[in-house]
Amino acid sequence: MKNITKNFPLVKANDKVIFAVKMGEIHALVGENGAGKSTLMSILYGLYQADEGEIFIAGKKVNISNPNKAIENKIGMVHQHFMLIPPLTVIENVILGMEPRRNYFFVDLNKAASDIKNLSEKYGFKIDPWAKIEDVSVGIQQRVEIVKVLYRGAEILILDEPTAVLTPQEVDELFKILKSLKKQGKTIIFITHKLNEVMEISDRVTVMRDGKVVGTKDTIHTNTSEIATLMVGREVLLKTSKIDQKTGKTVLRLEQVSAFNQNKYPVLKDISLSVKEGQILGIAGVEGNGQTELVEVITGLKPISSGKIYLYEHNITGLNPRKIRELNIAHIPEDRRKRGFIGEYSVAENLVLGSHYKPPFVKGSLIDFPAVHRYANKLIADYDIRPAVKENLLKSLSGGNQQKVIVARELQGEPVLLIAAQPTRGLDVGSIEFVHKQILNERSKGKAILLVSAELDEILSLSDEIAVIYEGRIVEILINKDIDRGKLGFLMTGGSSPGGKSNKTQYADTR
Amino acid sequence: MNKEKIQKGNLFFSIVEKVTPIIAIIGALIIGSIVILLIGEDPIQVYKMMFGLAIGNRDGWGNVLFRATPLIFTGLAVAFAFRCGLFNIGGEGQVYVGAFLAAYVGFTFINFPAIILIPLTIAASAIGGAFWATIPGVLKAKKGIHEVIITIMMNWIAASFTFYLALLYKAPPTEAMRMAGVQQMIPHTSEIVEAARLPRIASILSKINIQFPAHNPLNVSFIIAIIAAFLVYYILWKTSLGYEIRAVGYNQTASEYAGINISKNIILAMMISGALAGLVGTNELMGYKFRWRQDLFTNLGFNGIAVALLGKNHPFGVVLAAILFGILSYGGALVNIFTGGKIPRELIMVIQAVIVILVVISDEIIKRVILRRKAE
């Protein structure tokens, strides 16, 4: 791709981008959110048209005006959010839109099935063509997406943040597949945030910032900190420095807490754990194993069916969310769009969300806007929220700045307990650094922190102790010292380790 | 990256977004003029006549505002509930019940002085409407039953129930009727007492020597409607209650997270919405006909939905939209008379409907344009 420029109204998303991928290589494309990676790939895949510039494939100039043209040119894209139809089978999903026909009218499923089997065997996908999408794991669903692209004859594959939704084991499997695809001569463009993946899988890496390409490197001749510096434009601390410190009293204690979901299906089973002052307890687990519910029962958003929850010595079981907030429990929610803010409210209004009903923000039943605005100005400055305009609607901010608003709001009241769920999801390197600093800062102030994250690296770099959750049960609580990632991944997917400290003994210790 | 430009761009779109109703009105008038041409009349003449008669003189203005008054109330009712994420289709029923309760108070407590009876009757109309809206509110808040279905059904119940009550509290036949041996043609209640009636604007203006035709039906209810619009604005944007109600409307899960009681706010929003609808009783009943007769109120609740839509669910927008509907309705009626029926009243209903459709369409177009621009 040569001199690609794409102007969006008011923003130059791609500015004279030169991007070259060699045939048969795995090429990582990295950059912060809004750096222009997705725009560039959307242009290559025909979703957008470039205002200037040309695209060459194998030296031949091509005009890709829509995704069908991209497919004609053997370019395929696997989106971050899967585009599959859950009740249909793998075959039906793969052939959708280009069904092989028999006698004009009938879909030739058997032919499709054998085609898919061939592909699957060739690249080591290990998928059952007749399985229904809704019955297979996320990792398999992703493979189906890749098969879909290959079935359409793609030689160049664009993968948009493919590892965001996978467990460590699934990531390994994916990388194996990518390597075998490469061996067969396919070209892969791999969009990611995660620098260790760049190092592991790619041959070359291109870094984008502010719509421009700031560098293309051979992976073996670079390192993560160089790439991070290119991405952010300044030096970044990748390793969070954490000093050992003494822990204090037990702040949060759960005693055999169980809960059901809406369908009366148990989602939390006899969970017992505790967090002390000055301690970070990380909850590691594949998403959907009860982490969401665990956070919700502590914050009063979800009722429990049995067990008890204590904050210091107070029984806080069954209190409503407002009461829990008033006890100084801060909560950075896992899904910020769903829980964390009100997009149509301004930055200022969101900074008081949750304390909007009490002084100093209300006088009588009226909101004291001058007080709210003074407070907002202070927090915007303290937390460097950009743009620094308190009237902006929150939905107009970038993900990182939205998260800053939430972090600022939650840490303001000097909480005794911080519950941080997926606190850096979807954030770029700079914002992740910021959030991690804030969490460690709370720890050094002697606050208790419950950290829930699907990012193993985050859990490993921040936590003092790690509780592994699987199918609503804490399978093991480990001290975070020389933990083997493989073992952690093994526990997260339902394996148990006979050598580890069992949940019960840990529970007895903390009591 | 050129932030100033971004700000300006946003400003431009937010302005365009706000003026879509004006574009829609112009579009509707153009479509209306095509219809008029097809009928064989001159659209410019017709529109001139219509607007001239409606807003070219004080009597016209009085009639326009009189017709706008109930629509302000029902429009505010829809807008208020909408801010909490609720679609209150039940304005119609809330109007019937509120007005009937007001009538009951007005013809029952005949010995009360005006200073007590007027506030009491106003309160009765608000309470009646609020009561009728609270039922779907509670069902929604506690059981998650969709308010649209319940309010629609409760419109039918209200219509039949108040009709029945009107038969029960039927006004005694007049002397003439008794002589002729006939019954009431349309069931209606007795008149409310003098002390429960709202004064006409004409009688107030004459005291301060302003010329205003005495027969004009515009009454104090219009002032109540304007006060209600200010109150709605004040509650929604200045109080912590309004903050919570709008928060629930925008994002229930985030509100729950922030410790906001969703059920309480849904019930309160429906209650206030119903009270606003019920206040229609102050205009048609306390200020105009002084008795409950079903056809006085028919369609006022439904037209409130259109008014709220046109007014962008903002109280001041609702007032303007209601006045526009008042102009169309009164001007249309007069044009019908003055052209000897050549331009039917129904044409005005067509224009009203086209305005609503165009508002929805242009909103959708603007939304898509903005979304596309935000795609990156």
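These numbers were taken from a predicted model, which means no experiment stands behind them. (Residues numbered from 1 in each chain as written. Chains lettered and ligands numbered in written order. Predicted model: local features only at pLDDT ≥ 70, side-chain atom pairs only at ≥ 80, totals over all residues.)

1. Some points on the overall build of chain A
Next, step 1: The secondary structure content of chain A amounts to 18 helices and 24 strands.
Next, step 2: Against the globule reference of 24 Å for 511 residues, chain A gives a C-alpha radius of gyration of 25 Å, in line with a compact fold.
Next, step 3: Referenced to the eigenvectors of the C-alpha coordinate spread, the extents of chain A come out at roughly 70 × 55 × 50 Å.
Next, step 4: Within the span of chain A, comprising 511 residues, buried residues form 45% of the whole.
Next, step 5: If you take every contact in chain A between residues at least 6 apart in sequence, the share linking residues at least 24 apart comes to 67%. (Helix = DSSP H or I, 4+ residues; strand = E, 2+ residues; numbered from the N terminus. Rg over C-alpha atoms; globule rule 2.2 N^0.38 Å. Buried ≥ 20, exposed ≤ 12 C-beta atoms within 10 Å, placed from the backbone. Contact = placed C-beta atoms within 7 Å.)

2. A look at the pairing of strand β24 (residues 473-479) of chain A
All names here are of chain A.
Next, step 1: For β24, a buried count of five out of seven residues is recorded, marking the element as mostly surrounded by other parts of the structure.
Next, step 2: Alignment of strand β23 (residues 465-470) against β24, held across six bridges, turns out to be antiparallel. Looking at the pairing, Ile-466 lines up with Leu-478 of β24. (Pairing = 2+ DSSP bridges.)

3. Focus on the nonpolar core
Next, step 1: Ranked by size, the top nonpolar core spans 246 residues in total, and within it Ile-419 and Leu-451 of chain A together with Leu-76 of chain B carry the most contacts.
Next, step 2: Sort the elements by how many residues they give to this core and helix α3 (residues 58-83) of chain B lands first, with 13 residues.
Next, step 3: Once residues within four sequence positions are removed from consideration, Leu-76 of chain B is found in contact with Ala-228, Ala-229, Val-232, Leu-276, Pro-315 and Val-318 of chain B. (Core = buried A, V, L, I, M, F, W, Y, C linked by C-beta atoms within 7 Å.)

4. Thoughts on the pairing of strand β13 (residues 250-260) of chain A
Residue and element names in this part refer to chain A.
Next, step 1: For β13 and strand β14 (residues 266-276), the ladder comprises seven bridges, and the chain directions are antiparallel. If you follow Val-257 over to β14, its bridge partner there is Ile-271.
Next, step 2: Counting the residues between successive antiparallel strands, the hairpin from β13 to β14 contains five residues, one of them, Lys-264, with a positive phi of roughly 65°.
Next, step 3: In this sheet, strand β16 (residues 306-311) lies alongside β13 in antiparallel orientation, the contact comprising five bridges. For Leu-252, the partnering residue across the bridge sits in β16 and is Leu-311.

5. Things to note about the sheet that holds strand β12 (residues 212-218) of chain A
Residues and elements named next belong to chain A.
Next, step 1: Strand order in the open sheet formed by six strands is β6-β9-β10-β3-β11-β12, with mixed pairing between adjacent strands. What marks the edges here is a single partner per strand, and that holds for β6 (75-78) and β12. On average, each strand axis in the sheet is tilted by 20° relative to the strand beside it, whichever way the strands run.
Next, step 2: Summarising the sheet, strand β3 (residues 26-31) and strand β10 (residues 187-192) pair through five bridges and their orientation is parallel. Looking at the pairing, His-27 lines up with Ile-189 of β10. (Axes fitted to C-alpha atoms, helices over the stretch in contact; angles between N-to-C directions.)

6. Focus: helix α6 (residues 168-183) of chain A
Residue and element names in this part refer to chain A.
Next, step 1: Here α6 contains 16 residues, and its C-alpha end-to-end distance of 23 Å stays within 8% of the 22 Å for a straight helix at 1.5 Å per residue.
Next, step 2: Those residues of α6 that fall on the buried side of the exposure criterion are Glu-170, Val-171, Leu-174, Leu-178 and Leu-181. Burial along α6 is one-sided: seen end-on, the buried residues are contained in an arc of 100°. Exposed positions of α6 whose direction lies more than 90 degrees from the buried face are Lys-176 and Lys-183.
Next, step 3: Buried residues along α6 sit against β3, α4 (109-123), α5 (138-151), β10 and α7 (195-201). (Expected span 1.5 Å × (residues − 1). Arc of directions from axis to C-beta.)

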